[in-house]
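# Notes for the structure review
The lines below spell out each chain.
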Amino acid sequence: MSVVTVQLGQCGNQIGYEVFDTMCRDLHNTQGFCSKRENEIYQASCKEHFFNEDKSEVPVARALLIDMEPKVISQTLLKAAHSGRWKYGQHSHFCQRQGSGNNWAYGYSVHGPKHEESIMNLIQREVEEYDSLSGFSIIMSMAGGTGSGLGAFLTQNLRDAYPNSFIMNQVIWPYGTGEVIVQNYNSVLTLSHLYRSSDALLVHENDVVHKICAKLMNIKQISFRDVNQVIAHQLGSVFQPTYSSEDSFQYRRNPLGDLMTALVPHPEFKMLGLRNIPQMPENSLAYTTFAWAGLLKHLRQMLISNAKMEEGIDWQVRPPLSGLPALEKVSPNKELRFNTSIANLLILRGKDVHSADTGGFKDPALYTSWLQPSDAFCEWRTHRAFNKYEKSAALVSNSQFLLKPLDTIVGKAWNMFASKAYVHQYTKFGIEEEDFLDSFTVLEQIVASYCNL
Amino acid sequence: MAQSVVVQVGQCGNQIGCCFWDLALREHASVNKKGIYDDALKNFFRNVDTRGTGISKGRICSLKARAVLIDMEEGVVNEILQGPLKDVFDSKQLITNVSGSGNNWAVGYKVFGSQYRDQIVEKLRQTAEHCDCLQCFFLIHSMGGGTGSGLGTFILNVLEDEFPEVYRFVTSVFPSGEDDVITSPYNSVLAMKELNEHADCVLPIENESLFDIVSKINQMINSGKPGTTVKQQSLVTLNEGGIKKKLDEKPFDKMNNIVANLLLNLTSSSRFEGSLNMDLNEISMNLVPFPQLHYLVSSLTPLYTLADVNIPPRRLDQMFSDAFSKDYQLIQADPKHSLYLACALLVRGNVQISDIRRNIERLKSSLHFVSWNQEGWKTSLCSVPPVGHSHSLLALANNTCVKPTFMELKNRFLRLYKKKAHLHHYLQVDRMEDSCFTEAVSSLSSLIEKYNELDVTKGLPIHEQVRLNIVI
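Rules behind the numbers
- Residues numbered from 1 in each chain as written.
- Chains lettered and ligands numbered in written order.
- Predicted model: local features only at pLDDT ≥ 70, side-chain atom pairs only at ≥ 80, totals over all residues.
- Heavy atoms only, no water.
- Helix = DSSP H or I, 4+ residues; strand = E, 2+ residues; numbered from the N terminus.
- Rg over C-alpha atoms; globule rule 2.2 N^0.38 Å.
- Buried < 20%, exposed > 50% of the residue type's maximum accessible area, 1.4 Å probe, protein only.
- Contact = heavy atoms within 4.5 Å.
- Areas by Shrake-Rupley, 256 points an atom, 1.4 Å probe, with all protein chains shown as cover.
- Domains from an automatic or database assignment.
- Buried area = accessible area lost by both parts, 1.4 Å probe.
- Salt bridge = Lys/Arg side-chain N within 4 Å of Asp/Glu carboxyl O.
- Polar contact = N/O pair within 3.5 Å; in protein donor to acceptor, adjacent residues only side chain to side chain.
- Nonpolar A, V, L, I, M, F, W, Y, C, P; charged D, E, K, R; others polar.
- 1 Å grid on protein atoms, 1.4 Å probe; cavity = no way out; pocket = protein on both sides within 12 Å on 5 of 7 lines; lining within 4 Å.
- Points joined across faces, edges and corners; volume = space filled by probe spheres on them.

## Some points on the overall build of chain A
Tallying secondary structure elements over chain A gives 14 helices and 13 strands in all. For 453 residues, the compact-globule estimate of 2.2 N^0.38 gives 22 Å, and the C-alpha radius of gyration of chain A, at 21 Å, lies within 12% of that figure. By its C-alpha atoms, chain A is 60 × 60 × 45 Å across when sized along the principal axes. Out of the 453 residues in chain A, the part that is buried amounts to 64%. Long-range contacts, defined as pairs at least 24 residues apart, comprise 81% of the intrachain contacts of chain A with a sequence gap of at least 6. Of the accessible surface of chain A, which amounts to about 16600 Å², a share of 50% is contributed by carbon and sulfur atoms.

## Structural notes on the domain arrangement of chain A
All names here are of chain A. If you check the domain split of chain A, you get domain 1 (2-277), domain 2 (292-401) and domain 3 (404-451). Taking only C-alpha atoms into account, the centre of domain 1 sits 24 Å from that of domain 2. Listed per partner, the contact involves 46 residues of domain 1 and 40 residues of domain 2. Counting the surface lost from both domain 1 and domain 2, the interface buries some 3900 Å², and carbon and sulfur atoms represent 63% of this. Contact with domain 2 buries area across many residues of domain 1, yet F33, R275 and I277 alone supply 24% of it, more than any other trio. Our enumeration of links across domain 1 and domain 2 arrives at two salt bridges. Of the charged contacts in the structure, one is a salt bridge between K308 and E205, with a shortest N-O distance of 3.1 Å. Our count for the contact surface shared by domain 1 and domain 2 stands at 15 residue pairs in polar contact (both at pLDDT 80 or more). Contributions of two or more residues to the side of domain 1 that touches domain 2 are made by α1 (9-27), α2 (36-50), β9 (200-205), α7 (206-216), α8 (224-239), α9 (255-263) and β10 (271-277). The element best represented in the side of domain 1 that touches domain 2 is β10, accounting for seven residues. Looking at the side of domain 1 that touches domain 2 residue by residue, the classes come out as 24 nonpolar, 13 polar and nine charged.

## Quick notes on the pattern of salt bridges
Inspection of the entire model under this criterion finds 37 salt bridges over all chains. Between E18(A) and R225(A) there is a salt bridge, and its shortest N-O distance comes to 2.9 Å. With E18(A) in helix α1 and R225(A) in helix α8, this residue pair connects regions lying 207 residues apart in the sequence. The exposure class assigned to R225(A) is partly exposed, which follows from its relative accessible area of 39%. Across the pair R271(B) and E27(B) runs a salt bridge, and its minimum N-O distance is 2.8 Å. In this pair, R271(B) sits in helix α8 (residues 251-271) while E27(B) sits in helix α1 (residues 10-31), placing the two residues 244 residues apart along the sequence. For the pair formed by R271(B) and E27(B), the shared burial category is buried. Among the charged side chains, a salt-bridge network with shared partners connects R117(B), R125(B), D161(B) and E162(B).

## Points about the environment of M271(A)
Mapping M271(A) onto the fold places it in strand β10. Expressed as a C-alpha distance, the spacing of M271(A) and N157(A), which sit 114 residues apart in the sequence, is 21 Å.

## Focus on empty space enclosed by the protein
Under the defined criterion, the tally for this structure stands at ten cavities of 30 Å³ or more. Roughly 500 Å³ of internal volume is contained in the largest cavity. Taken together, 38 residues form the lining of the largest cavity, with Q10(A), C11(A), S141(A), G144(A) and L276(B) sitting closest to its centre. Counting only elements with at least two residues in the lining of the largest cavity, the list comes to α1, α3 (70-83), α5 (146-161) and α8 of chain A together with α8 of chain B. Looking at which element gives the most residues to the lining of the largest cavity, the answer is α1(A), with five residues. Taken together, the residues of the lining of the largest cavity break down into 13 nonpolar, 18 polar and seven charged.

Structure representation (structure tokens):
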């Protein structure tokens, strides 16, 4: 089943390119640690979801590039074409001349309605090419104007036009300081709107990925390209083909749908986080050996201690004794000691994957009381390795991972809103103070829900 | 891609404008080796064939600036039309007169304003029609004289009336204390009211600051210290063409070039590609928290690049530090000791996001930000550096340090006004009344008051606002 990737705004397009590029490189990797035949089936499965084959035999990404100004899309199309390994469709993009000015209201209320018909037609034409549509993966940032505002508008429209398809938003969480001054307003408006129409929000935090680049990848002068490549690797580790069940030799037909089923049992809880190990510079891979026991132990501790990466993990944090409520049910601004999960999905890839012991993730103490671990925990194992990592594990988690970041953004936005700073820039385009208040209410609700797990 | 139009008014406006066009051409020439009329060029230039018809793609035939040149004297505009840039402008883009405005805002605004309104609208329309997506008008003028100040602000009104959706960025040169035009305080305050009400963003410039920067560079060049030879083309004050070169190069040329560089750097991210683009509409969105507080203090670094390749380049971090030093600001102000409402860093060249983050972390503890915008930073990364540099930084700050400039202006105004000095020159102009003066100074006072209210909050402990309470 096909997954249509919608790349929105500068961020969405820059990351989208890296995602397809990473997937393509992985497909052509000879270090899959599996047979040639197996590799061929893997490639075919990936292509089924994410690429079209056309006459030229260079796979065409099932993607739509949308931006309100042309520079980034031109660059992205060019880079893909130059790679020689894949490309974007000739008519798969839509752009305008003037951007959204970092203004959510402009993206949502002006660009949205103005270009609704053209964009939806573009999507319709793309979707008609496929035998079966699984759903949409929309890559967008929250901080700017197009990805955030137009992204919220578009997600709503997609929900209305394709009620039976899954919609997942890859939401890029901006750096705490120094990207856009009104990023907290834009984020609050985006998240509150997305929550209504999206099935799941998979969040990628710039600050976290930046640290991964610095501490784990040893990159000295970190560029956005470096950050985007890490995010692409993480997404690839989730979306590349996986076997559909323990004893099956068929690759999963509907990864998007299966992901939703596994992770979003309740519509109030849609915020997903992603942790991926190991993470290291490519030239270190040859010198490192991995063991499943070690990887899984670290990943489990990262989950329960809310660690953002495989360094500086707090090993003191333990799950509460079963039967007793977690002692640390405190407000989100106190450091959350133990991270309670609603649902977790573990994706294991590589050598000896069937020998990996994932018992640690089935402990009921990790989860809320209202779901059994058998319903809350899911695992996908595939022995074809990903992106040259002999063994790798990705954890997609619906847990309190994002509670603190969310609370922080709401707090900052609220502080600014109390002084009414910048509000005139939004009311100019039809987003009134009541709309802000509605959004704040929705988000405080989400914060409270996650807090009380 | 969107386009911008430059409206240069009066002697100062046209001199600066001329430097700007010269620099813009040089910048594009160094980047655009193939001579193709690309999107970046399209921002400020049209491509026309021999008959003057526009060509939208392909090879560059003849570039015409998207500009309107207005002056009530002929001298400056004539010089431009006889100089190296004469082919960049055509007669359809000019409005000139012979008599001048006599350093009188009222003459510029009321007399020439009404006399030339239709012509002005027509020229602006023509220029706008050549754009498929006009995003911004850049108005360049001085505040102290008559044409730039009076007619310039009249035109600002016209821009708002006729093109309400297009941004209005104004570069205003404020007079210094020892200005030789006695009535410059009147002209400036009358003009400020218009800027308060009709501009989206104002970049105030003071000649004293430009002069200090020029002196600094001269000192550096003439110091004779080993290894201090400077790469000529990297000088922020350099001008090769523009106005006909005179033997005794006026210091104004160097000063004007600084302002021209400011405008070039401001628009670099919307013209050239980068990993974090910033369009002009984002400047207003991020830096103007309340409509009236739209005055932005700017600083440019580095001022030059050393030619000696054996000397290691100044550390990148030094560039960021300099941008916050009062010696690099283009007005007489010290942002470090005042309150920041917002700050934007427009970086060009070989700089990555980690460099920016490191410097923000390093600098922010020494800066005071308003309580509701503690992390008020906007950044942009443009891959293309300016000519002669490997990287550069333009910092734009919405900071209460503009207040002293405005207070000084008000005081000079009041000294004259209390004595009714020279008032008759203004009041004898048709439709000019005393209320124009009182309203103008009142507008300035209320602006100063807004900055006062913010300054008072500086240094106070920050209280977290009480959040909404949700009942589960």
